[in-house]
There are 2 protein chains.
Amino acid sequence: EMESWSFLDTAESNFKPLVVIELAKGTKEETIEWFTKRIVDKKANGGAQLLMKPLVTENGVENIYLVGASHLRLLLGAEAVGLVKECSDNSMRTFTYSSRKTFKHYADDNHDFLTMAECQYIIKHELENLRAKDEKMIPGYPQAKLYPGKSIVRRLLTSGILVQIFPLHDREELKKLSHSWYGRVKIGYQPLDDIRCYFGETIALYFGFLEYFTFALIPMAVIGIPYYVFAWEDYDKYVMFATFNLLWSTVILEVWKRMCAILTYRWGTLLMKRQFEEPRPGFHGVLGINPVTGREEPMYSSIKRQLRIYLVSLPFVCLCLYFSLYVMMIYFDLEQWALDYHKENESNFSSLMLYVPSIIYAVVIEIMNLIYRYAAEFLTSWENHRLESSYQNHLILKVLVFNFLNCFASLFYIAFVMFDMKLLRQSLATLLITSQILNQFAESLLPYWLQKRYNRRMRKRMCSTKTDMDLSLAEQVNMEKEMGTYLGTFDDYLELFLQFGYVSLFSCVYPLAAVFAVLNNITEIYSDALKMCRVYKRPFAEPTANIGVWQLAFETMSVISVVTNCILIGMSPEVDALFPDSKMDLVLTVALVEHLLLAIKFIMAFVIPDKPRDIQMKLAKLEFESLEALKQQVRAFQMQLHFLLIHH
Amino acid sequence: EMESWSFLDTAESNFKPLVVIELAKGTKEETIEWFTKRIVDKKANGGAQLLMKPLVTENGVENIYLVGASHLRLLLGAEAVGLVKECSDNSMRTFTYSSRKTFKHYADDNHDFLTMAECQYIIKHELENLRAKDEKMIPGYPQAKLYPGKSIVRRLLTSGILVQIFPLHDREELKKLSHSWYGRVKIGYQPLDDIRCYFGETIALYFGFLEYFTFALIPMAVIGIPYYVFAWEDYDKYVMFATFNLLWSTVILEVWKRMCAILTYRWGTLLMKRQFEEPRPGFHGVLGINPVTGREEPMYSSIKRQLRIYLVSLPFVCLCLYFSLYVMMIYFDLEQWALDYHKENESNFSSLMLYVPSIIYAVVIEIMNLIYRYAAEFLTSWENHRLESSYQNHLILKVLVFNFLNCFASLFYIAFVMFDMKLLRQSLATLLITSQILNQFAESLLPYWLQKRYNRRMRKRMCSTKTDMDLSLAEQVNMEKEMGTYLGTFDDYLELFLQFGYVSLFSCVYPLAAVFAVLNNITEIYSDALKMCRVYKRPFAEPTANIGVWQLAFETMSVISVVTNCILIGMSPEVDALFPDSKMDLVLTVALVEHLLLAIKFIMAFVIPDKPRDIQMKLAKLEFESLEALKQQVRAFQMQLHFLLIHH
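About the cut-offs
Residues numbered from 1 in each chain as written. Chains lettered and ligands numbered in written order. Predicted model: local features only at pLDDT ≥ 70, side-chain atom pairs only at ≥ 80, totals over all residues. Heavy atoms only, no water. Salt bridge = Lys/Arg side-chain N within 4 Å of Asp/Glu carboxyl O. Helix = DSSP H or I, 4+ residues; strand = E, 2+ residues; numbered from the N terminus. Phe/Tyr/Trp six-rings, centres within 6.5 Å; stacked < 30°, edge-to-face > 60°. Buried < 20%, exposed > 50% of the residue type's maximum accessible area, 1.4 Å probe, protein only. Disulfide = S-S within 2.5 Å. Patch = residues over 30% accessible without salt bridge, like charges linked within 9 Å, V, L, I, M, F, W, Y side chains within 5 Å. Areas by Shrake-Rupley, 256 points an atom, 1.4 Å probe, with all protein chains shown as cover. Lys, Arg positive; Asp, Glu negative; His and termini not counted. Charge placed at Lys NZ, Arg CZ, Asp CG, Glu CD. pLDDT = per-residue confidence, 0-100. Contact = heavy atoms within 4.5 Å. Axes fitted to C-alpha atoms, helices over the stretch in contact; angles between N-to-C directions. Parallel < 35°, antiparallel > 145°, perpendicular 65-115°, else oblique. Left-handed = near helix turned anticlockwise from the far one by under 90°. Nonpolar A, V, L, I, M, F, W, Y, C, P; charged D, E, K, R; others polar. Pairing = 2+ DSSP bridges. UniProt positions renumbered as here; feature names shortened; annotations may be inferred. Domains from an automatic or database assignment. Buried area = accessible area lost by both parts, 1.4 Å probe. Polar contact = N/O pair within 3.5 Å; in protein donor to acceptor, adjacent residues only side chain to side chain. Core = buried A, V, L, I, M, F, W, Y, C linked by side-chain atoms within 4.5 Å.

A few words now on the pattern of salt bridges. Applying the stated rule across the entire model yields 60 salt bridges over all chains. Note that Glu22 of chain A is salt-bridged to Lys481 of chain A, the shortest N-O span being 3.9 Å. Residue Glu22 of chain A is located in strand E1 (residues 19-23), and its partner Lys481 of chain A is located in helix H14 (residues 473-481); the two are separated by 459 residues in the primary sequence. In this structure, Glu297 of chain B and Arg386 of chain B form a salt bridge, with 3.0 Å as the shortest nitrogen-oxygen distance. With a gap of 89 residues between them, Glu297 of chain B in strand E10 (residues 296-299) and Arg386 of chain B in the loop between helix H11 (356-382) and helix H12 (388-418) connect regions that are remote in the sequence. Residues participating in the shared-partner salt-bridge network are Lys85, Glu118, Arg196 and Glu201 of chain A.

So this is what it looks like as structure tokens:
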């Protein structure tokens, strides 16, 4: 067994398993040997210089391997990925091994200097950057071609030899975290720093945003309640509420940027340099020379991709949008039928029946969103984008456009074609509440129950009465490898985005929407936390400095909501009554107010700085220092050249 | 005289005068001695290590000094300012002395490797970065305080000891440039690369923008002419013209970004790293420790500045805006009076009189703009901004808002309050043409005549019949030091900005505006070129990568013009006639079209990439290389640590 160990480390006590590699059953011996050798080989030989150990269970070796690394190796890896950590003087700096002594909590024997999530991220990075040297194919699998510089792990994944790589949970830490996170019912902030330490920045930032957004909705909810309770329908009160909402939504989105900067500065990701982006795993093409890197790698003509986008994807999306509108018209037929039925019968049952079409439609919307999601993923993947970021942008754009239309088209139709405010309010309420219930159920509770049942059965099979804490490593690995994989924050943000739409687009018609959103988000925090801790495999940490394209999506929604709210207010009979002589004046006034509000929005977005002053100062200080360091270098160099100058 | 020479260079033949320093008459001897010593002193001693020589004229020494530098010193300076030059393999790279052999046209004896403008920029940079060491004051001037790190040249300038620093013209080069630029009447592009070599990137980019903008206006002018000639007033034709204009103006602004990237990539400024910004010369305050740099320097409380901005500047600007509106109302009174006069008399003279109020108003607008400009400069300087960029932004904002209102308020009033399209057309034409004539006259022709007269008198006094080319160095310096100082591209861009307003805001009412703009810009190129070459002192080159805040200003103007044009079209009787039954439908249609156009604008701005694909690739390649270099460093370091790992 010794041969599978990195030859650099001799004492087994050094080995702390961090990441699990699962190979396909029946993988050839020579492949395993080669892969293992590459992982444990020295950096100088093009290896990853990690530690690796097969997992031994009662059933013998099962093609499952545990990967770890020596402390020193992890520190060097931290430098390679450009990790930013806090120094003893409280400033944030890029970690380098040579300057390690200046960092807070650093000690040669402090193995907690890097969090477990950071260690796992480093190992993932090192594994993904394990590149083919002169291998033409994966040994034992001639059809799995390799070329110099190709990531071995990515090729193993795409050819199905590597089933999965996932980081191990730390049962003890997880218990502590889940206790402080959702273990007790309490009013207070989430332990964001602990979440970040355990799950990484992307997930912590999502929960930060969810929490921030919930707090930000509270004023809207509080102001909205009396409108519902007292059934205020006065013109001026509604206008005030809508105006407040519109300006408030701008303010909260701007302030979030500042909050986000504060969080990510503290976590170090605000300062992290962008790494050069490698092609995404699924990218394929004919081998060619990349003009940027000068390396041999698959190339795919950009024109072909454009053709696929504009001749296939775009028409498909349009078709889906048309289909969604078609379904909407069916819904209106159903609605009409329910109304007629109610008029004929006038019973309690029939008045309940009034809600049925909306509920059915809400369920259908969710199902269509789900199906479309798969289609969009397939299409975007077929478009064969070279970079993950480009893939993500195209996917998000496709999904956002469809979801927006699918969820809100019926509301727009009711509001601006049918002019039926009562139906609008009812539909809005039904759609919002149904989708919230469905989401909570499908996203967290159902998987949780399934997972719990599965765990119980597993444990019964193992004939043990042990709790989670007492599980052996092998049992833990076997249990975790069967858990679902968390697919990223996309769906969670999308849900919030649609919720923001329900709350802001028609806020002046249904002030109670914010109340439901707040209630939903509070339970959402708990159910999402549960999902992260108990349902899914631990995800790899992913450093991030902001919520990316979602910021833009939310801002666009808030611009659209200015337009819709202004029109809705303009259409209300109370406002109508203010302009008894001329409809013209009414419309012009509405248009004027709308343009003013939009102008105020843009000026506010321009005036409010994206980063708080103290963060700006800290960044300026860092920039100044690096420029000074450069100058020092130039100066030192000039000194060296001094004698040259004299003899010139 | 030898003592005033840098001791490093022994042969006088090395000395090529590049920059002129003029000290005040009667400057104390000890001050001159100290200043000279600091300039020629070695870098290691905190000097600038430049060459310096007093100018000797017939009248003896006149406190005018010539500054130059050895070739090697200039190369090291080029590295210090971060100059980007073309390599032998056609890629652009930051120049370093150690990699000098890889650059195109580099040879140890090729003294033209750096252009004269670059050499002058380097010398300016070195002079400005000559900092006080332990001096507490300027020797001989106890009231001119110094502190460690304070720029000596800036203190000398603010205390009036240093009258001016300016770069010398190169008569031969200038003659060549002016011949190819404006010397012959020809259809063709300006020699932008030559302009850049002689005047630097900021000025070349202005002329590039002016040229691009003129070409971009030609389609609008060409399409506009038949509207004037055939007096087309059909609804559909006008709508087409306006729609074309609106989309076209978006396209040209987006495409300009790409053009700009192409130009500045070629010039190397696109890749130049931003230097750390020092406080601007006029900034004053109590000495304190700057939290960013940790240096002792004047500090000024940001709250005090905010108070000055919001309690003094803002009210003042509002007052000026009010005053401008007041003047506008007087103009309308005059207009009314002229109309009445014309009705009473009905003569040729009286119909000519109809144009007089507009012309007077146009002149008054220009005068008010000028006066306000001085006030804005005074106020912004009084606000005591620490950075030049912040000063510039506040100044530009103040000036833009006032100029916009001052120039366009009357047109808005005529269009949207008086609804008098005929008067609008007439006013627009008068304002546009008068302001163009005034500008050309005040900006270029008048100074040119004055300068020419002065030169002639100067030469007569020197009793010589020599041409410019034969002037001795002393005569050249004496002539140039009396020339006016070019104050930057601000006014030139402002003029273009206002012109863009005249062309786009009411384009559907007066299609001929684009024609006048094109004609004006063609002469503007010539008169501006004349101004740069003959009227003003040579300005220091200033590297820049884009036109900065002006891009935003032009884009804002094009958004506003969508709104105004939609309203104008909506108000035209032809469109009115299309909706005979309901004004409501008309207004709603106009609002819908406006929102659609705005949406298309934003989508276009989003979809069109800011940089052409090949520039993107080149930038990606550079980024990849620098990341690879960093990785190599880390790898080399890891190799060194290898033995450490073994013994771990």
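After that view of the structure, there is still more to cover.
To continue, consider the packing of aromatic side chains. All names here are of chain B. A full pass over the atoms with the stated rule returns 73 aromatic pairs over all chains. Judged by centre distance (5.9 Å) and plane angle (80°), the ring pair of Phe213 and Phe554 falls under edge-to-face. You can see Phe213 sitting in helix H7 (residues 201-229) and its partner Phe554 sitting in helix H17 (residues 549-571), a full 341 residues away along the chain. The pair Phe213 / Phe554 is uniform in exposure class, with both members buried.

Moving on: the state of the cysteines. Residue and element names in this part refer to chain B. Taken as a whole, this structure holds zero disulfides over all chains when the rule is applied. Looking at Cys197, it has no disulfide partner, and the nearest cysteine sulfur is the one in Cys119, 11 Å off. Under the relative-accessibility criterion, Cys197 is labelled partly exposed at 30%.

Residue and element names in this part refer to chain A. A cluster of basic side chains, namely Lys452, Arg453, Arg456, Arg457, Lys460 and Arg534, defines a positive patch on the protein surface. Considering each element in turn, the positive patch owes the most residues, five residues, to helix H13 (residues 421-461). Among the secondary structure elements, Arg457 is positioned in helix H13.

Bringing the confidence of the model for chain A into the picture now. Detailed reading of the predicted coordinates is not advisable wherever pLDDT is low. All names here are of chain A. Mean pLDDT over chain A: 85, with 92% of residues reaching 70 or higher. Of the regions scoring below 50 in pLDDT, residues 1-12 engages in 23 contacts with residues more than four places distant in sequence or in other chains. What the predictor reports for the complex is a pTM of 0.87 with an ipTM of 0.82.

All right, on to the packing of H11 of chain B against H12 of chain B then. Residues and elements named next belong to chain B. Look at H11 against H12: their axes get within 10 Å of each other, and the N-to-C directions meet at 160°. Between H11 and H12, the interaxial angle falls into the category roughly antiparallel. For the element pair H11 and H12, the recorded crossing hand is right-handed. Along the contact surface, H11 presents Tyr361, Ile365, Met368, Asn369, Tyr372, Arg373, Ala376, Glu377, Leu379, Thr380 and Ser381, while H12 presents Tyr391, His394, Leu395, Lys398, Val399, Phe402, Asn403, Asn406, Cys407 and Ser410. Partitioned by chemical class, the residues of the contact of H11 with H12 number eleven nonpolar, seven polar and three charged.

This part takes up the pairing of strand E9 (residues 286-289) of chain B. Residue and element names in this part refer to chain B. Two elements, E9 and E10, share four bridges in a ladder whose sense is antiparallel. Across the sheet, residue Val286 finds its bridge partner in E10, namely Met299. Hairpin connection between E9 and E10: a loop of six residues separates the two successive antiparallel strands, and Gly294 in this loop has a positive phi of roughly 75°.

Residue and element names in this part refer to chain A. With respect to the secondary-structure elements, Cys566 resides in helix H17 (residues 549-571). By relative accessible area, which is 8% here, Cys566 ends up buried. Separated by 489 residues in the primary sequence, Cys566 and Gly77 have C-alpha atoms spaced 55 Å apart. With residues near it in sequence (within four places) discarded, Cys566 still touches Val590, Val593, Glu594 and Leu597.

Attention shifts here to the UniProt feature "transmembrane region" (unreviewed entry) in chain A. When the UniProt feature table is mapped to this numbering, "transmembrane region" (unreviewed entry) covers residues 212-232, 238-256, 309-332, 352-374, 395-416, 496-519 and 586-608 of chain A. Across residues 238-256 of chain A, the secondary structure splits into 100% helix and 0% strand, with the terminal C-alpha atoms separated by 26 Å.

What follows deals with the packing of helix H6 (residues 192-199) of chain A against helix H7 (residues 201-229) of chain A. Residue and element names in this part refer to chain A. Packing of H6 against H7 leaves a shortest axis separation of 7 Å and a crossing angle of 150°. When the axis of H6 is compared with that of H7, the two are roughly antiparallel. Between H6 and H7 lies a crossing whose hand is right-handed. Across from Leu192, Ile195, Arg196 and Phe199 in H6, the residues of H7 making contact are Glu201, Ile203, Ala204, Phe207, Gly208 and Glu211. Of the residues in the contact of H6 with H7, the class split is six nonpolar, one polar and three charged.

Take the domain arrangement of chain A next. All names here are of chain A. Taken domain by domain, chain A comprises domain 1 (19-168) and domain 2 (177-300 + 384-611). At the junction of the two partners, domain 1 supplies 34 residues and domain 2 supplies 33 residues. For the pair domain 1 and domain 2, the two sides together bury roughly 2,900 Å², of which 61% comes from carbon and sulfur. Area buried by domain 1 at its contact with domain 2 is led by Met92, Tyr147 and Leu168, which between them contribute 20% of it. Counting every contact that joins domain 1 to domain 2 gives seven residue pairs in polar contact (both at pLDDT 80 or more). Contributions of two or more residues to the side of domain 1 that touches domain 2 are made by E1, strand E2 (51-57), strand E3 (60-68), helix H2 (71-81), helix H3 (116-128), helix H4 (152-158) and strand E8 (162-167). Broken down by element, the residue count for the side of domain 1 that touches domain 2 peaks at seven residues, all from H3. Taken together, the residues that form the side of domain 1 that touches domain 2 break down as 20 nonpolar, eight polar and six charged.

Now for the side chain of Thr250 of chain B. All names here are of chain B. Along the chain, Thr250 falls in helix H8 (residues 235-267). Within the local environment of Thr250, its side chain forms a polar contact with the backbone oxygen of Leu246, the two atoms lying 3.1 Å apart. Other than its neighbours up to four places away in sequence, Thr250 contacts Lys601 and Met604.

Let us now look at a nonpolar patch on the surface. Residues and elements named next belong to chain A. A contiguous nonpolar patch, built from Ile303, Leu307, Tyr310, Leu311, Val312, Leu314, Phe378 and Trp382 and spanning about 840 Å² of accessible area, is present on the exposed surface. Listed by contribution, the elements that provide at least two residues to the nonpolar patch are helix H9 (302-345) and helix H11 (356-382). In terms of residue count, the dominant contributor to the nonpolar patch is H9 (six residues). Mapped onto the elements of the fold, Ile303 is located in helix H9.

Looking now at the nonpolar core. Among the nonpolar cores identified, the biggest contains 107 residues, and Trp181, Phe199, Phe207, Phe408, Phe497, Trp550 and Phe554 of chain B are the most heavily contacted of them. It is H7 of chain B that provides the largest number of residues to this core, a total of 14 residues. With sequence-adjacent residues up to four places away left out, Phe199 of chain B is seen in contact with His169, Leu174, Leu177, Trp181, Met532, Cys533, Pro539, Phe540 and Ala541 of chain B. Within the second largest apolar cluster, 101 residues are counted, among which are Phe241, Met368, Met557 and Ile569 of chain A.

With that out of the way, let us pick up unusual backbone geometry. With phi around 55°, Glu346 of chain A is a residue other than glycine that occupies positive phi space. As for its position among the elements, Glu346 of chain A is in the loop between H9 and helix H10 (348-353). Overall, the relative accessible area of 56% leaves Glu346 of chain A in the exposed class. Phi at His105 of chain B is positive, roughly 65°, even though this residue is not glycine. When you line up the elements, His105 of chain B lands in the loop between strand E5 (92-94) and helix H3 (116-128). The class for His105 of chain B is exposed, based on a relative accessible area of 62%.

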